[in-house]
Amino acid sequence: MEKSGYEELYEAILKLKTVDDCDKFFSDLCTYRELDSMLGRVKAAKMLISGETYETIVDKKIVSSATLSRVSRCVKHGEGYKKFL
């Protein structure tokens, strides 16, 4: 059975062992803007999980209010952020 593109990507990520591996892989794979966007989402999720308010996060300009809304839904109803942050 042929693998989906996502499975191929996830399998490649699972092969990363160190922060240096991640740095090299994601620097080759993503633009600075894409990495910065992912970093902002992770920071915002951590802040929400630790009890920071929506307004505080928006005021700090970590992510846009639209992105924060999506991150907030994922923190509340998703599995990824809670399990890995």
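Note that side chains of opposite charge can pair when their charged atoms are close. Evaluation of the coordinates by the stated rule reveals one salt bridge. For the salt bridge of D20 with K24, the shortest nitrogen-to-oxygen distance reads 3.0 Å. Highlighted residues: D20 and K24, both in helix α2 (residues 19-29), separated by four residues, approximately one helical turn. On the basis of relative accessibility, which here comes to 42%, the residue D20 falls in the partly exposed class.

A few words on the nonpolar core. Among the nonpolar cores identified, the biggest contains ten residues, and these are A44, A45, M47, L48, I57, V63, L68, V71, V75 and Y81. Mapped by element, the contributors of at least two residues to this core are α3 (32-49) and α5 (65-77). With four residues, α3 is the single largest residue contributor to this core. Those residues within four positions of L68 in sequence are excluded, and the remaining contacts are A44, L48, Y54, I57, V58 and V63.

Reading the values: rules and limits
Residues numbered from 1 in each chain as written. Predicted model: local features only at pLDDT ≥ 70, side-chain atom pairs only at ≥ 80, totals over all residues. Heavy atoms only, no water. Salt bridge = Lys/Arg side-chain N within 4 Å of Asp/Glu carboxyl O. Helix = DSSP H or I, 4+ residues; strand = E, 2+ residues; numbered from the N terminus. Buried < 20%, exposed > 50% of the residue type's maximum accessible area, 1.4 Å probe, protein only. Core = buried A, V, L, I, M, F, W, Y, C linked by side-chain atoms within 4.5 Å. Contact = heavy atoms within 4.5 Å.

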